[in-house]
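Read off the chains here:
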Amino acid sequence: MTKPITTLLFDFDGTLLDTNELIIQTFQSVLNNHYPGKYERIDILPFLGPTLMESFASVDPEKVEQFIEEYRAWNVSMHDELAIEFDGVSETLKFLKAAGMKMAIVSTKKNDMVMKGLDLLDAEGVFDTVIGFDDVTNTKPHPEPILLALERLDTTKEETLMIGDNFHDIEGGKNAGVRTAGVAWSAKGEAFLQTYNPDYMLHHISDLLKIVRGEEI
């Protein structure tokens, strides 16, 4: 018998906070400064999800640190102007917390930037812990960050759901042995995420309320 879900692990960017425009414009600013006209918006989409190190290494392994420094400077300067929560996120998170859910952020982003993003949500005290880039040796899709979240939350794989907007969230969840949910508002599209066979596909964040009650969505 399948155990009820008591624990929710959320990716952050593109899942709870709409940072897609921020990320795309940041990459464009950095890369078009070095390679004018080479990177259109569609060329940036593969960089949504992986770590900055992985993304920039695919462009030029010799300039990774320089690119990351330029990226973070532009991203911080434009963060609060371009980032906004997806519809219903703060309200739904509060309902889930009130229902007794254990909840954590599991992100590939550096911890200080996750916290900066959390300030844009009306969800203070909702998350029991935050797992970011600084906490792990291996990022998603490696199971390490998800398993660390389970350890911190004192919960089990069988009662945990990993929610995210990208393949590494779904693959990471499967590698850690937890159930997974994709979000249809992913910048890469619902059809792309479906190819990774998540257990659920959310069309609105409030679908989680039905899932944790054991209802169909």
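Scroll up to find the structure this text is about.
Residues numbered from 1 in each chain as written. Predicted model: local features only at pLDDT ≥ 70, side-chain atom pairs only at ≥ 80, totals over all residues. Heavy atoms only, no water.

## A word on the sheet that holds strand β1 (residues 7-10)
Strand order in the open sheet made by the six strands is β5-β4-β1-β6-β7-β8, with parallel pairing throughout. Each of the sheet's edge strands pairs with one partner strand only, and the pair in question is β5 (129-131) and β8 (200-202). Each strand of the sheet is rotated relative to its neighbour by a mean of 25°, with strand direction disregarded. Of the strand pairs in this sheet, β1 and strand β4 (residues 102-106) are connected by four bridges, and their pairing is parallel. By the bridge assignment, L9 is partnered in β4 with A104. (Pairing = 2+ DSSP bridges. Helix = DSSP H or I, 4+ residues; strand = E, 2+ residues; numbered from the N terminus. Axes fitted to C-alpha atoms, helices over the stretch in contact; angles between N-to-C directions.)

## Concerning the side chain of D169
Inspection of the secondary structure puts D169 in helix α8 (residues 167-176). Among the residues examined, D169 registers a relative accessible area of 0% and is labelled buried. Apart from the residues lying within four places of it in its own chain, the contact partners of D169 are D11, K140, M162 and G164. (Buried < 20%, exposed > 50% of the residue type's maximum accessible area, 1.4 Å probe, protein only. Contact = heavy atoms within 4.5 Å.)

## A word on unusual backbone geometry
Note the cis peptide between K140 and P141, where omega equals 15°. Secondary-structure assignment places P141 in the loop between β5 and α7 (144-153). Of note, the phi angle at D154 is positive, near 55°, even though the residue is not glycine. Of note, N197 is a non-glycine position whose phi angle comes to about 55°, a positive value. One can find N197 in the loop between α9 (190-194) and β8. N197 sits in the exposed class, given a relative accessible area of 54%.

This is a description of form; function is not addressed.
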